[in-house]
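Descriptive structure summary
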Amino acid sequence: QVQLVESGGGLVQAGGSLRLSCAASGNSFSINAMGWYRQGPGKQRELVAAITSAGRTNYANSVKGRFTISRDNAKKTLYLQMNSLKPEDTAVYHCSAGGGGRNYWGKGTLVTVSS
């Protein structure tokens, strides 16, 4: 079983930056990819960014050039650096991990971007 705990959310003004972290614990032997999802008010959940254990990344078009996902395997921590934040980035951000047919989720951290 894998446990994921996010941190780093908060209130920020448009144009500002935040760095989200996701600390993993437990048995992660089957994990081969991790990512960040978000769900804004009145919107469906969407994939923001994902990264494999080998470091391959992909991003939603809406965040390309502004967000960077990274992974420190030694520390078992996933990061999302968010720059040039926009009000439409306001959402609950969830860390996820998957592999071997299983998926794990953190409880989420709220990011609010004010205009």
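Residues numbered from 1 in each chain as written. Predicted model: local features only at pLDDT ≥ 70, side-chain atom pairs only at ≥ 80, totals over all residues. Heavy atoms only, no water.

Here's the deal with the state of the cysteines
In this structure the tally under the stated criterion is one disulfide. Each sulfur in the disulfide pair cysteine 22 and cysteine 95 lies 2.0 Å from the other. Every disulfide takes its handedness from the sign of the S-S torsion; for cysteine 22 and cysteine 95 that torsion is -75°, giving left-handed. With cysteine 22 in strand β3 (residues 18-26) and cysteine 95 in strand β9 (residues 91-99), this residue pair connects regions lying 73 residues apart in the sequence. Comparing cysteine 22 with cysteine 95 shows no difference in burial state: the two are buried. (Disulfide = S-S within 2.5 Å. Helix = DSSP H or I, 4+ residues; strand = E, 2+ residues; numbered from the N terminus. Buried < 20%, exposed > 50% of the residue type's maximum accessible area, 1.4 Å probe, protein only.)

Overview of the pairing of strand β10 (residues 102-105)
Across four bridges, the pairing between β9 and β10 is antiparallel. Paired with glycine 98 across the two strands is asparagine 103, which belongs to β10. Linking β9 back to β10 in an antiparallel pair, the connection comprises two residues, with glycine 100 at a positive phi of about 60°. (Pairing = 2+ DSSP bridges.)

Structural notes on the packing of aromatic side chains
Tallying each qualifying case throughout the model produces one aromatic pair. One cation-aromatic arrangement involves arginine 19 over tyrosine 79; the distance from NZ or CZ to the ring centre is 4.0 Å. We note arginine 45 situated over the ring of tyrosine 37; from NZ or CZ to the ring centre the distance is 5.0 Å. (Phe/Tyr/Trp six-rings, centres within 6.5 Å; stacked < 30°, edge-to-face > 60°. Lys NZ or Arg CZ within 6 Å of the ring centre and 35° of its normal.)

Considerations on the side chain of threonine 77
One can find threonine 77 in strand β8 (residues 77-82). Reaching out from threonine 77, the side chain makes a polar contact with the backbone oxygen of lysine 75 at a distance of 3.0 Å. Dropping the residues within four chain positions of it, threonine 77 is found in contact with Ser21, Cys22, Ala23, Ser70, Arg71 and Asp72. (Polar contact = N/O pair within 3.5 Å; in protein donor to acceptor, adjacent residues only side chain to side chain. Contact = heavy atoms within 4.5 Å.)

Regarding the environment of leucine 11
With respect to the helices and strands, leucine 11 occurs in strand β2 (residues 10-13). On a C-alpha basis, the gap between leucine 11 and leucine 47 in space is 21 Å, while along the polypeptide they are 36 residues apart.

A short note on unusual backbone geometry
Look at lysine 76: it is not a glycine, yet its phi comes out positive at around 55°. Positionally, lysine 76 belongs in the loop between β7 (67-72) and β8. At serine 84, a residue that is not glycine, the phi angle is positive and equals roughly 50°.

Describing the sheet that holds β7
Spatially, the four strands line up as an open sheet ordered β1-β3-β8-β7, and their pairing is antiparallel. The open sheet has two edge strands with one neighbour each: β1 (2-7) and β7. Pairs of neighbouring strands in the sheet enclose a mean axial angle of 15°, with direction left out of account. As paired strands, β3 and β8 are joined by six bridges and run antiparallel to one another. Residue pairing for β8: arginine 19 is matched across the bridge by glutamine 81. (Axes fitted to C-alpha atoms, helices over the stretch in contact; angles between N-to-C directions.)

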